[in-house]
Each structure stands twice: as C-alpha cells, then as structure tokens.
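Chains, contacts and geometry: an overview
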Amino acid sequence: MPYSHIGVRSSAAQQKLAHALAALSVEFKLPGDFDEQVLAEVDAVIANHQLPAPDLTALPFITIDPPTSQDLDQAMFLEREGTGYVVHYAIADVPSFVPAGGPLDTETRRRGQTIYTPGNRIPLHPMPLSEGAASLFANDPRSAFVWEIHLDADGEQTSARVRRATVQSVAKLGYEQAQQMYDAGNAPSAFAETLALLAEIGTKRISLERTRGGASLNVPQQEVEFIDGHYVLEFRPGLPIEDWNAQISLLTGMAAAQVMIEGKVGILRTMPAPDPEAVEAYRLQTVALGKPWAPEMAYGEYLRSLDTADPKQLALMHAATTLFRGAGYTPFNGTVPAEVLQAAVAAPYAHATAPLRRLVDRFVLTICAALCSGADVPEWTVAALAELPEIMSASNQLASKVDKAAIDTVEAALLSHRVGSEFDAVVLAGPKRNGHSSKSAARSSIQIAEPAVSGYCEGDLEPGTVVRVKLIAADIDTRTVKFVPASVIEQGNVGVSG
C-alpha cells in the first residue's frame, strides 16, 4: 500500500499546510462545536439511557473498521444454519439517543452527515455519543438495532427482520488485522468462524451481485490521512475482507429496502440505469483500449474483470464512473414508487448501516423496526421523509467538495518543492469534448504512482497510455498543481494501483 509523506522542508511550510487545511472549515462554512443546549441534552439522554431487551450479549459480535475509527456503527456475528447461514448485524442504536424534535435532532438535520478533513472530522453527533455511549466498542454492552438475516446455501436472502436488543462486541478489528488473521487462520476461537463465514458469504454475495447485474467500482482510492504527525497521501486498493464486509452492508441495505417496500413507507437510495448513449460510448472505449466489453456480459461482471495494475484497464475503470450517475433518495408513504432500483446494486436498496455518521439511516432503522414488530411507524419519521432527500443531497455535495479541496491542498504541499521534476503517470481520461474547448486549453486526467497524486496534465493525451510529465507549478494557497507532457512511454507499467 503506497504512502506519500509530505516532504516539506521547514516548519514554516508545515505550518502553512496546517493553516490551509484548517481554513477549509471557514471556506466551506462547516459547522463548529455543538452548542451548550445540544450537549446538555446529550448528557441527560446518556445518563438516563436504558439497555433494551432481549439480551444478546452471549453472541460474539465483532467490528471491522479502519484501525483509528472510534465511531463504530456496525458489528457482526455470522453462523451456519443447516446448509445456509444466519447474518446477525448490529447497528448502533442512534434513535434512542436523539429525542424527536429536540436540540440534537435539529442540529443533526442541519449537518446531514459527518464531514472528514485530514486529521479532523466534523461529526454528525457530539463525540460523547458518536465515539462513546452509542459506539459499538468491544467489551461494552450496547443498545443496537440487530438485523437477523437468513440466507440459503447460495447466499440468497430467505428472510429478514430487525429489532432493538443489547449486544456486546468481543473484538475491535482493523481491516488489515482482520485480513491477516483470516489469511493465517489464527483468529481467536471466539470469532474465527465469523471471519471464515465472512469470506464464504461475501464471496457468494459477490457472485449473486454479478448474476443480478450489480456493479462495484474497485478504483484505487486517493485518500489523505494524518499519521504520526505527517499528512499522507495514498492510493488505497481495497483488501478482500473490505469487499466481503461491504457485501454484508449491502445485504442489510437491500433487506431494509424490502421491509419498507412491503410496508409501503420509507426512503430508498435510488439510481437510474445508465443512459444508453453513455453505455454505447463506454463500449466503444473498451474496444479502443483493448479490453472489449462483450454484449452478453453484465457491466458489473465486466468491471470486476478489470485489472487496475494495467494502465489501460485502470483508465477503463475510471471511465466507468460515467455509468454511475443520478443517485438520490426516494421517499414514499402509502404508494410505492414505480422506480425503486439502485442500478449499481441492481436491486432496491436503502442506507441503513451508518447512523452515527449519516442522518437518513436513523429514520430507516426506526421505520424498519416498527414494520418488523407490527407497530405503528413513529409519526416523527414519516414527517421527515419529504425533507431528507434535500438534506442528504446538500450534505453529500458539501462532503465531496471538502474532500476534493483537502486532497488538492495536500497534493500542492507534497509537490511544492519539486517544481521542475518529472514523473511517470497513467492517462486516465482525455479532455471533455464540448463546443467551447480547444486543444490549446485541453487538460487530460492523469494518475501518478509516487507521490500518490491524481491530477491534470495540459494537452490532449490518449487514455491508457503511460506518459512522462513535468511539474511546472504547485501552489498551496490556490490548491493548484500543473503538469505538462515530457514524453510518452510506449511500453511500461508504473504500478499505480499499488
């Protein structure tokens, strides 16, 4: 996993970077500290909180997250049932800590979701809640919404329900730690079977995803982290266990959607099927880059066949983002909408597994639990359905802008002392074509392996080619990094995926 540590040469440069990152909060008008009224309500709710029945603390749940995470939304316990399986998936019981109509409820609707910046985060909930009383820490009894999802031998869901219960995780695992335990076969006996079944169920769910035409974009992600006092850029390809773990979350989101559709009330995460013209354009690109997409192959299966260590196939993976557009939230009450699919999942789907970090999940969990128990859906959840799409859309856009600005800032700092240097890069995409563009103003999207930078290079370059680029500018204040072509490398692989 390649990291690129910031190579600033002086404390003044380090301070300039820190100041620029801190300024993002002002520039994007990010929420500040929670006010005293909100904090007082949180303290009172935590002090009076009661753990619910039934008591499921005998089940050895585990959490698998990035190693530094403290806001632990999900815990799992997996077991065999005849030739099939039972997935027990515990989700943090945020609704029991947020009184409807209170100060915290109002504030979380203003925030929408947790916003992450390098070395910092602007949480959806105060930390005594999100990284304390509601987080599913190991060895602490916690209130949770526990999904019980039964699967057949092929991994297909046969039934699902959710209820509030008390759980207790037995281990907090990081992704790499869990992967190493699985690979070595040395996981503690308390959860060895859960790790083994995670691989088994995850693999079968991936196969089912291919069969139904679902798709996953496994593009190496460019991320900024703060590690050992340094800002770090990395291209981070996912581990197999992250893919398996994601399949459990997808399974739960699909189960939640099914419960709400059958109950005729709720809010779905929807996305239209790719535009036929975009599909045809992408097919032509796959031919041009030497990896044709066969007509009989579902696009999800095709994307999983791509090897991102190959520059041309990496370019195709990035180009596939044109097929994943138009995602939104669709609320309903009484009449199920005609369009309920999330095209990338290739099934109805809902956000239901991250209530500590995403507002809409709190409402989905409450609705599903009521429907599964036969109780009336609380009026406060129904009343919020109409406003949730706008809240979530605005917060998603803000989170995306902040993330891009943070990466651009760190990239500029990382490269600020290397102006004039040359680097190997893969061309991910040529310039966008429109009636107002010209070759002289063209910019092509590129990806550099070391340092871990994605950016733009002047010129109309061929996607999938390996090029030598020269850095001509890197400015922290304007978040500007500029490259120009130095040469094209006809053969070679710069190993951009790590």
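From a predicted model like this one, the values you see are computed outputs, not experimental measurements.

1. With respect to the overall build of the chain
Of regular secondary structure, the chain possesses 14 helices and 20 strands. At 24 Å, the chain has a C-alpha radius of gyration in line with the 23 Å of a compact globule built from 498 residues. Expressed as a percentage of its 498 residues, the buried residues of the chain come to 52%. Once local pairs closer than 6 in sequence are excluded, the contacts in the chain between residues at least 24 apart make up 71%. Here the chain contributes 39 positively and 58 negatively charged side chains, and the mean placements of these two sets differ by 5 Å.

2. Some thoughts on the confidence of the model for the chain
In the predicted model, the chain carries a mean pLDDT of 90, and the fraction of residues at 70 or more is 91%. Contacts from residues 434-440, a stretch scored under 50 in pLDDT, to residues over four places away or in other chains number 2 contacts. Here residues 490-498 is a poorly scored stretch, pLDDT under 50, and it has 21 contacts once near neighbours within four places are set aside; other chains count.

3. Overview of the environment of D140
Tracing the chain through its elements places D140 in the loop between α5 (127-133) and β7 (142-151). For the pair D140 and T353, spaced 213 residues apart in sequence, the C-alpha to C-alpha distance is 20 Å. Contacts of D140, omitting those with residues within four sequence positions, involve V167 and Q168.

4. With respect to helix α6 (residues 175-184)
Taken residue by residue, α6 has Y175, A178, Q179 and M181 as its buried positions. In an axial view of α6, the angular spread of the buried residues amounts to 160 degrees, which keeps them on one side of the axis. Opposite the packed face of α6, turned more than 90 degrees from it, sit the exposed residues Q180, D183 and A184.

5. Structural notes on the pairing of strand β16 (residues 422-429)
Strand direction decides the pairing type here: β16 and strand β19 (residues 466-475), joined by 5 bridges, are antiparallel. Bridging across to β19, E422 finds its partner in K470.

6. Some words on the state of the cysteines
Following the criterion strictly, the structure yields 0 disulfides and no others. Distance from the sulfur of C368, which forms no disulfide, to the nearest cysteine sulfur (C372) is 6.3 Å. Taking the relative accessible area as the measure of exposure, C372 reaches 31% and is therefore partly exposed.

What counts and how
- Residues numbered from 1 in each chain as written.
- Predicted model: local features only at pLDDT ≥ 70, side-chain atom pairs only at ≥ 80, totals over all residues.
- Heavy atoms only, no water.
- Helix = DSSP H or I, 4+ residues; strand = E, 2+ residues; numbered from the N terminus.
- Rg over C-alpha atoms; globule rule 2.2 N^0.38 Å.
- Buried < 20%, exposed > 50% of the residue type's maximum accessible area, 1.4 Å probe, protein only.
- Contact = heavy atoms within 4.5 Å.
- Lys, Arg positive; Asp, Glu negative; His and termini not counted.
- Charge placed at Lys NZ, Arg CZ, Asp CG, Glu CD.
- pLDDT = per-residue confidence, 0-100.
- Arc of directions from axis to C-beta.
- Pairing = 2+ DSSP bridges.
- Disulfide = S-S within 2.5 Å.

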